[in-house]
Amino acid sequence: MGTNYPKPAIRRLKVYAFDPQASVTLSTAMANDYVIELPWEERWEAPLEKGPVNDYVEVIDVDPAAGLFYAPVDLNDPWLRDGGLEPSEGRPQFHQQMVFAVVMRTIRAFERALGRVVLWARDDQLSWRDSTLTPVERNFTRRLRIYPHALREANAYYSPAKRALLFGYFKPDEEAADVQASWVFTCLSQDIVAHETTHAILHGMRQRSIEPSGVDAAAFHEGFADIVALLQHFSMTPVVRQLLAASGGSLRAPGLLTGLAEQFGRAIGRSKSLRYALEALGERAATPADGSAASIVAAIRALGDTTEPHARGGFLVAAVFDAFVTIYERRTEDLLRLARPGLVPGNGLSPDLVGRLASEAGTAADQVLRMCVRALDYLPPAAVKFGEYLRAIITADTDLVRDDPLRYRIAFVEAFKRWGITVPGCISMAPDSLLWDPPRLEDYPEILKHAEADLPAPLADPADALNMLFTDLLSRLKFGVTFEAGDKGEAAYSRGDNGRRNLRNLAMEVVVHNQRAIHDWLESRVTDSADWERLLGLRLMPLADRPEDGCSPLLSIEGSLGDRRRKPQPKFEVHSARISRRTGPDGFEMHMLIAEIVQRRRGYFDKEEQAAADRGDKQVIGDTRWATPDFWFRGGATLHVDLRDGRLLRILRKRIDDDERLERERAFRSGETTGGPAAALHSGEPFAFIHRGM
């Protein structure tokens, strides 16, 4: 009779805490050893295979420049089941181990904050009419591919076209005498790996976020990816403990904890990390910012003059990290007072105090990271701006964390103001003024009228009628995996390709079902379409049904003129339909449907062509220009529906008929506002261009 040993709970994998450079520097060598702990694969997940390959990712180690394919590491080998390979710059299998561990660690951090699984973006090159593809294959990429040695150049990037992470390696600059390596491998930098993984996750959540819709679009992608990489430093408690002991407990000085990709930065000829969270944070420590009008105006002017994505994203990184440092100092000021009155950083701290400081830094970083990640669900579906992200952070945190005794939200608001990020249109920068507004029901009388038509008696609260309307929508959705035969588009709990029950694949089927159900439900709202157009910021009615209400028809919207296959009807997409389940620190639970509905409109640099397209005058445009406009202008809405009672909590709109926003996007894409055409950056590989030389 065989012995049935219990499965390990944790898979431990050794990595560099930062990058190989820190291991050859005496002051940081001991702080560079770290072990990432990942949950062992559950019985409903595919088993880990050589590569490594799991449900989320597959590592493919081909080296085109060298003409080699490196043997895949087997992390199930008995010799590697506890810790994996030792860190080594010269062993490709360790490179595979490290990228896998850091990517999975980043994925798990997102899933904890979002309350759902991470899914990868679809392949835009696939034909929707290809009958050989399943609905899941048309909407998602099953696994993110990772190539540790894809390039022989100083670059690493996420490829939206391939849905893959491509890491480069290169010889350091001749001037970089302090880089103790013949080759620099970007796949061995935790910061770079986490940064690129974040790009992939963000693209999966917001497929159109990579389009150059404005000066903040690429900058938000870059800044947010840096935020995730930086805040993940503080989850490495043993490492943080050593570095805080050396800095006297301060996070206001440049160093490994506050910098990104030190080896890479030095290897390309700089004398420091590639980027620091706060270049001016040290100066702030000596001369605290007073929040004066002059300093805020100067910061706003500096942000306005900055258009390069990494540099502009640095303002967002600085604001978030400034808020984090303020929160950390608030959480630890009593510890420092108790330890020694009048304590001056640098005089030496007791090991017990350093341990407590490291613990508080880790807790604060985790909370700030969750605030930042949760906010992604609170953004409009297109053309995101930094100020809107602040509103998203404040609203998302207020929804889940009802009591804010340490004033985290005020710390965010003050930090964003200090770094020149404002929110036009708000009464003030007080947290309650920054909350996204609920829908004004009086603006949509026809929707309420039809919602109440089937009720036996009038309702005391008009909002209840709207709730019942959205309850009808919720009744058509799937909120999890069923145990039935999936013969009606249901996500049945059936066996996957490997003979095991795979919940991740079934989660994709649930999302696809819900996207289709929401689309069909909205398409049936024909009796009160005018109100739905105002509510969603879309155009839904065909030209023949449009009343004489003074609104231009906007026949430049896709589908408005029809084609050989379909009648004239403006098209729209349900880009995402996710169920989020989150729990606050007091046990309060938030279950919500988050749906993004998006429409696209033909955009032209020539204003006369734009006017002709909006009129539907294809003779002026020409068939070729009609089929391939200069760009696609997008609008739509993000809907939040409470799953407890069907209440429509809020709608975050970017109107498709907003001509002022169209003009700003046209000016940005043509280079009028930046001095260079932004359209060139969006060639299917925007990050390859932006990240060259980082």
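Up top is the structure.
About the thresholds
Residues numbered from 1 in each chain as written. Predicted model: local features only at pLDDT ≥ 70, side-chain atom pairs only at ≥ 80, totals over all residues. Heavy atoms only, no water. Buried < 20%, exposed > 50% of the residue type's maximum accessible area, 1.4 Å probe, protein only. Helix = DSSP H or I, 4+ residues; strand = E, 2+ residues; numbered from the N terminus. Pairing = 2+ DSSP bridges. Salt bridge = Lys/Arg side-chain N within 4 Å of Asp/Glu carboxyl O. Axes fitted to C-alpha atoms, helices over the stretch in contact; angles between N-to-C directions. Parallel < 35°, antiparallel > 145°, perpendicular 65-115°, else oblique. Left-handed = near helix turned anticlockwise from the far one by under 90°. Contact = heavy atoms within 4.5 Å. Nonpolar A, V, L, I, M, F, W, Y, C, P; charged D, E, K, R; others polar. Core = buried A, V, L, I, M, F, W, Y, C linked by side-chain atoms within 4.5 Å.

Engineer: I would appreciate a short explanation of the pairing of strand E6 (residues 144-151) in the present structure.
Structural biologist: Sheet faces and side chains relate simply in a regular strand, where the side chains alternate between the two faces. Counting buried residues along E6, 7 of its 8 residues qualify, which places the element largely inside the surrounding structure. Bridge count between strand E3 (residues 57-59) and E6: 3 bridges; the pairing is parallel. The residue of E6 that forms the bridge with Val59 is Ile146. Relative to strand E8 (residues 164-170), E6 runs parallel, the two being bridged by 4 bridges. In the strand pairing of E8, Arg145 is matched with Ala164.

Engineer: Even after reading the chapter, I still don't get the pattern of salt bridges, so can you show me in this structure?
Structural biologist: Should the charged atoms of two oppositely charged side chains come close, the side chains can pair. Tallied over the full model, the rule gives 43 salt bridges. The partner of Glu596 in a salt bridge is Arg206, and the shortest N-O contact between them spans 3.2 Å. Of this pair, Glu596 sits in strand E13 (residues 589-603) while Arg206 sits in the loop between helix H3 (190-205) and helix H4 (215-232), and the two are 390 residues apart along the sequence. With respect to burial, Glu596 and Arg206 carry one shared label: buried.

Engineer: Looking at this structure, I do not really get the sheet that holds strand E14 (residues 631-642). What am I missing?
Structural biologist: Strands pair in a sheet through their backbones, by hydrogen bonds, and they do so in one of two ways: parallel or antiparallel. Strand order in the open sheet formed by 4 strands is E12-E13-E14-E15, with antiparallel pairing between adjacent strands. Edge positions in the sheet fall to strand E12 (573-583) and strand E15 (648-654), since each of these pairs with one other strand and no more. Strand-to-strand twist in this sheet, taken as the mean axis angle between neighbours without regard to direction, amounts to 15°. Where E12 meets E13, 10 bridges bridge the pair, whose relative direction is antiparallel. The residue of E13 that forms the bridge with Ile579 is Leu593.

Engineer: Explain the packing of helix H1 (residues 92-114) against H3 to me, please; I cannot follow it from the model alone.
Structural biologist: For any two helices packed against each other, one specifies the inter-axial angle together with the distance between the axes. Their axes nearest at 9 Å, the elements H1 and H3 cross at an angle of 45°. Classified by the angle their axes make, H1 and H3 are oblique. By crossing handedness, the relation of H1 to H3 is classed as right-handed. Note on element contacts: H3 touches H1 through Gln190, Val193, Ala194, Thr197, Thr198, Ile201 and Met205, opposite Met98, Val99, Val102, Val103, Arg105, Thr106, Ile107, Phe110 and Leu114. Residue composition of the contact of H1 with H3, by class: 11 nonpolar, 4 polar and 1 charged.

Engineer: How do you make sense of the environment of Gly204 when you look at a structure like this?
Structural biologist: Inspection of the secondary structure puts Gly204 in helix H3. Taking relative accessible area as the criterion, Gly204 reaches 7% and is therefore assigned buried. Put simply, Gly204 and Arg163 are 41 residues apart on the chain and 9.3 Å apart in space, counted from C-alpha to C-alpha. With sequence-adjacent residues up to four places away left out, Gly204 is seen in contact with Leu119, Trp120, Ala121 and Arg578.

Engineer: I keep staring at the nonpolar core and nothing clicks. Help me out?
Structural biologist: Within soluble globular proteins, side chains that are nonpolar tend to cluster in buried spots. The biggest cluster of nonpolar side chains holds 138 residues, and the ones touching the most others in it are Val57, Phe224, Phe324, Tyr389, Phe412 and Phe416. If we skip the residues at most four places from it in the chain, Phe412 touches Val320, Ala323, Ile327, Val368, Met371, Cys372, Leu390, Ile393 and Ile394. One finds Ile447, Trp521, Leu538 and Ala595 within the second-largest nonpolar core, a separate group that totals 33 residues.

Engineer: How should I be thinking about unusual backbone geometry in this particular structure?
Structural biologist: Among all residues except glycine, the phi angle is most often negative; among peptide bonds, the trans geometry is most common. Cis geometry marks the peptide bond from Gly51 to Pro52, where omega comes out at 0°. In this structure, Pro52 sits in the loop between strand E2 (33-39) and E3. In the Ramachandran plot, Arg163 falls in the positive-phi region, its phi being about 50° despite a non-glycine side chain. Considering the arrangement of structural elements, one finds Arg163 in the loop between strand E7 (156-159) and E8. Judged by its relative accessible area of 10%, Arg163 falls in the buried class. In this structure, Arg407 takes a positive phi of about 60° despite not being glycine.

Engineer: I keep staring at the pairing of E14 and nothing clicks. Help me out?
Structural biologist: Judged by how many residues are buried, E14 sits mostly within the fold: 12 of 12 residues are covered. Of the two faces of E14, the one holding Phe631, Phe633, Gly635, Ala637, Leu639 and Val641 and the one holding Trp632, Arg634, Gly636, Thr638, His640 and Asp642 are both buried throughout. Of the strand pairs in this sheet, E13 and E14 are connected by 12 bridges, and their pairing is antiparallel. Within the sheet, the bridge partner assigned to Arg600 lies in E14 and is Arg634. Where E14 hands over to E15, the hairpin turn is made up of 5 residues, of which Gly646 adopts a positive phi near 80°.

Engineer: So what exactly am I meant to see when it comes to the environment of Phe315 here?
Structural biologist: Tracing the backbone through its elements, the reader meets Phe315 in helix H9 (residues 309-339). Phe315 gets classed as buried once you look at its relative accessible area, which sits at 14%. Separated by 96 residues in sequence, Phe315 and Ala219 place their C-alpha atoms 9.2 Å apart. Ignoring sequence-local partners within four residues, the contact set of Phe315 consists of Ala299, Ala302, Leu303, Thr306, Trp419 and Ile421.

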